[in-house]
Amino acid sequence: VMRVLNMMGDPVAEADTLARLGRVLRGAGRYQEALARFEEARTLDQAGGHRVGLAADLAELATTYARLGDSRKAAALHRDAARLYQDLGEPRSAADALVHLGIDRRDGADLPGAEVATTSALSLYRAAHDATGEGDALTNLASLQAATGRWALALRTGQDAVDAFARAHDDAGRGAALHNLG
């Protein structure tokens, strides 16, 4: 497939195919191979000026590094992806990258940094009227607040997450948020 795409001279399609292959490899636990495919996709997208693809490649690389336990590298890549998505006027994608940046920072024991990233994501989700994203960010924020001993605030934030998921008619999200409260 890659030879056919390469012969067609369509670097965007080739980068997309490489990224899809990277996701399959990551799902199979073949992380080093996945990283190589995402890096190839990033090179093609960067060379071709395909900035949306480049932002997605950065996020895919970050997710793979997070699965490998390298929260520092994952955080740097999620940060870069969020910035690029913001520059491209893609607030929901930027918010998704920021939520993952918050998780990376939490996993790296940087709770204040995690809270900053998650709060930034929350603002973007609210501006985009994305109640499910808002619920996800609030759930993560409540967890961070509880981890730092701010129990009353964590309960209020957790209830806000339940309410956001209810507005989105997301019963699974609402159930998870309720479980986290309890």
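1. Observations concerning helix 8 (residues 131–147)
With 17 residues, helix 8 extends 24 Å from end C-alpha to end C-alpha; this agrees with the ideal 24 Å at 1.5 Å per step. Buried residues of helix 8: Ala 131, Gly 133, Glu 134, Gly 135, Ala 137, Leu 138, Thr 139, Leu 141, Ala 142, Leu 144 and Gln 145, and no others. Packing partners of the buried residues in helix 8 comprise helix 6 (91–107), helix 7 (111–127), helix 9 (151–167) and helix 10 (171–181). N-cap assignment for helix 8: the residue whose side-chain oxygen lies 3.3 Å from the backbone N of Thr 132 is Asp 130. Count one or two residues on from helix 8 and you reach Gly 149, which has phi positive near 80°.

2. Concerning the environment of Tyr 65
Residue position: Tyr 65 is located in helix 4 (residues 51–67). As for Tyr 65 and Gln 32, which are separated by 33 residues in sequence, their C-alpha atoms are 9.4 Å apart. Excluding its chain neighbours within four sequence positions, the residues that come into contact with Tyr 65 are Leu 35, Asp 70, Lys 73, Ala 74 and Leu 77.

3. With respect to the side chain of Gln 145
Within the fold, Gln 145 resides in helix 8. Excluding anything up to four places from it in sequence, Gln 145 contacts Glu 115, Arg 150, Leu 153, Ala 154 and Thr 157.

4. Re the confidence of the model for the chain
The predicted coordinates of low-pLDDT regions are not to be read in fine detail. With 96% of its residues at a pLDDT of 70 or more, the chain has an overall mean of 94. Here helix 1 (residues 2–8) stands out as the element of the chain with the lowest mean pLDDT, 53, in contrast to helix 5 (residues 71–87), whose mean of 98 is the highest.

5. Structural notes on helix 7
Over its 17 residues, helix 7 extends 24 Å from the first C-alpha to the last, a length consistent with the 24 Å expected when each residue adds 1.5 Å. Of the residues making up helix 7, those classed as buried are Gly 113, Ala 114, Glu 115, Ala 117, Thr 118, Ala 121, Leu 122, Leu 124 and Tyr 125. Among the structural elements, helix 5, helix 6 and helix 8 are those in contact with the buried residues of helix 7. Two to three positions downstream of the cap, the backbone nitrogen of Gly 113 sits 2.8 Å from a side-chain oxygen, assigning the N-cap of helix 7 to Asp 110.

Calculation criteria
Residues numbered from 1 in each chain as written. Predicted model: local features only at pLDDT ≥ 70, side-chain atom pairs only at ≥ 80, totals over all residues. Heavy atoms only, no water. Helix = DSSP H or I, 4+ residues; strand = E, 2+ residues; numbered from the N terminus. Expected span 1.5 Å × (residues − 1). Buried < 20%, exposed > 50% of the residue type's maximum accessible area, 1.4 Å probe, protein only. Contact = heavy atoms within 4.5 Å. Polar contact = N/O pair within 3.5 Å; in protein donor to acceptor, adjacent residues only side chain to side chain. pLDDT = per-residue confidence, 0-100.

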